[in-house]
Amino acid sequence: MTDSAPSLGDVWRYPFLWSREAASGETEGRKDRPVVLALLVRNRNDELVLLMVPITSVPQSNRYAIEVPEIEKRRAGLDAHMRLWIVADEANEDIPARSFYFESGNRIGKFSGPFTKQVQAVMIEALKAKRLHRTGRG
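The present account deals with the structure reproduced in this document.

Definitions and limits used
- Residues numbered from 1 in each chain as written.
- Predicted model: local features only at pLDDT ≥ 70, side-chain atom pairs only at ≥ 80, totals over all residues.
- Heavy atoms only, no water.
- Buried < 20%, exposed > 50% of the residue type's maximum accessible area, 1.4 Å probe, protein only.
- Helix = DSSP H or I, 4+ residues; strand = E, 2+ residues; numbered from the N terminus.
- Pairing = 2+ DSSP bridges.
- Contact = heavy atoms within 4.5 Å.
- Polar contact = N/O pair within 3.5 Å; in protein donor to acceptor, adjacent residues only side chain to side chain.
- 1 Å grid on protein atoms, 1.4 Å probe; cavity = no way out; pocket = protein on both sides within 12 Å on 5 of 7 lines; lining within 4 Å.
- Points joined across faces, edges and corners; volume = space filled by probe spheres on them.
- Nonpolar A, V, L, I, M, F, W, Y, C, P; charged D, E, K, R; others polar.
- Phe/Tyr/Trp six-rings, centres within 6.5 Å; stacked < 30°, edge-to-face > 60°.

As a further point, take the pairing of strand β6 (residues 90-94). Along a regular strand, successive side chains alternate from one face of the sheet to the other. Of all 5 residues in β6, 5 are buried; the element is thus mostly enclosed. Here β6 shows no split at all, with Glu90, Asn92 and Asp94 on one side and Ala91 and Glu93 on the other all buried. Two elements, strand β3 (residues 48-56) and β6, share 3 bridges in a ladder whose sense is antiparallel. Bridge pairing in β6 links Leu50 to Asp94. Of the strand pairs in this sheet, β6 and strand β8 (residues 133-136) are connected by 4 bridges, and their pairing is parallel.

Turning our eyes to something else, we now look at the environment of Arg137. Tracing the chain through its elements places Arg137 in the segment after β8. Accessibility expressed as a relative area gives 17% for Arg137, which makes it buried. On a C-alpha basis, the gap between Arg137 and Asp94 in space is 5.0 Å, while along the polypeptide they are 43 residues apart. Apart from residues no more than four positions distant in its own chain, Arg137 is found in contact with Tyr14, Pro15, Phe16, Leu17, Thr27, Glu28, Gly29, Asn92, Glu93, Asp94 and Tyr101. Of the polar contacts made by the side chain of Arg137, one reaches the side chain of Asn92; its length is 3.1 Å.

The next thing to look at is the environment of Lys117. Relative to the helices and strands, Lys117 is located in helix α3 (residues 113-128). For Lys117, a relative accessible area of 58% puts it in the exposed group. Sequence spacing of Lys117 and Leu8 is 109 residues, and the spatial spacing of their C-alpha atoms is 9.5 Å.

Moving on, we get to the layout of surface pockets. One simple way to see leftover space: roll a probe sized like a water molecule over the atoms. Size it by volume and the largest pocket reaches roughly 210 Å³. As for the largest pocket, its lining consists of 13 residues, of which Pro34, Ile55, Ser57, Met82 and Leu84 are closest to the centre. Mapped onto the lining of the largest pocket, the elements with two or more residues apiece are β2 (33-42) and β3. For the lining of the largest pocket, the class distribution of residues is 6 nonpolar, 3 polar and 4 charged.

Next up on the list: the packing of aromatic side chains. All chains considered together, the criterion is met by 5 aromatic pairs. Here Trp12 and Phe102 contribute two aromatic rings whose centre-to-centre distance is 5.2 Å and whose plane-to-plane angle is 80 degrees, an arrangement assigned as edge-to-face. Linking Trp12 in strand β1 (residues 10-14) with Phe102 in the loop between β6 and β7 (107-110), this pair joins segments that are 90 residues apart in sequence. Each member of the pair, Trp12 together with Phe102, is buried. Clustering of aromatic rings is evident, with ring pairs tying together Trp12, Tyr14, Tyr101 and Phe102.

And the structure:
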């Protein structure tokens, strides 16, 4: 893990594991992709658990997603010329204290607090609709 703890709104390169991949027995994401740290919680052992949602250029229909505005793409170190979406109904859970993925070189940037709250609101909608797929990684 990196010396500085991951925080809400951070954007990292991470081998995101989609729920359909996990359901077919895969244990590692097929490629590193940008993810945003959308929620931070503590587990029963008082360990910090990160809920990360993926950023993609190809959104699927019938998904809980939010398009990333140009200013937020710039803040986060993403390509400002590409249309990008955050898929808020897919999350990977990881424990940074035990993870190999949070090396300092993998942090790309950070979204603003207000935009991070918008992402969280869409995640909550997906959760209420029982459409939030969470895949444990840690």
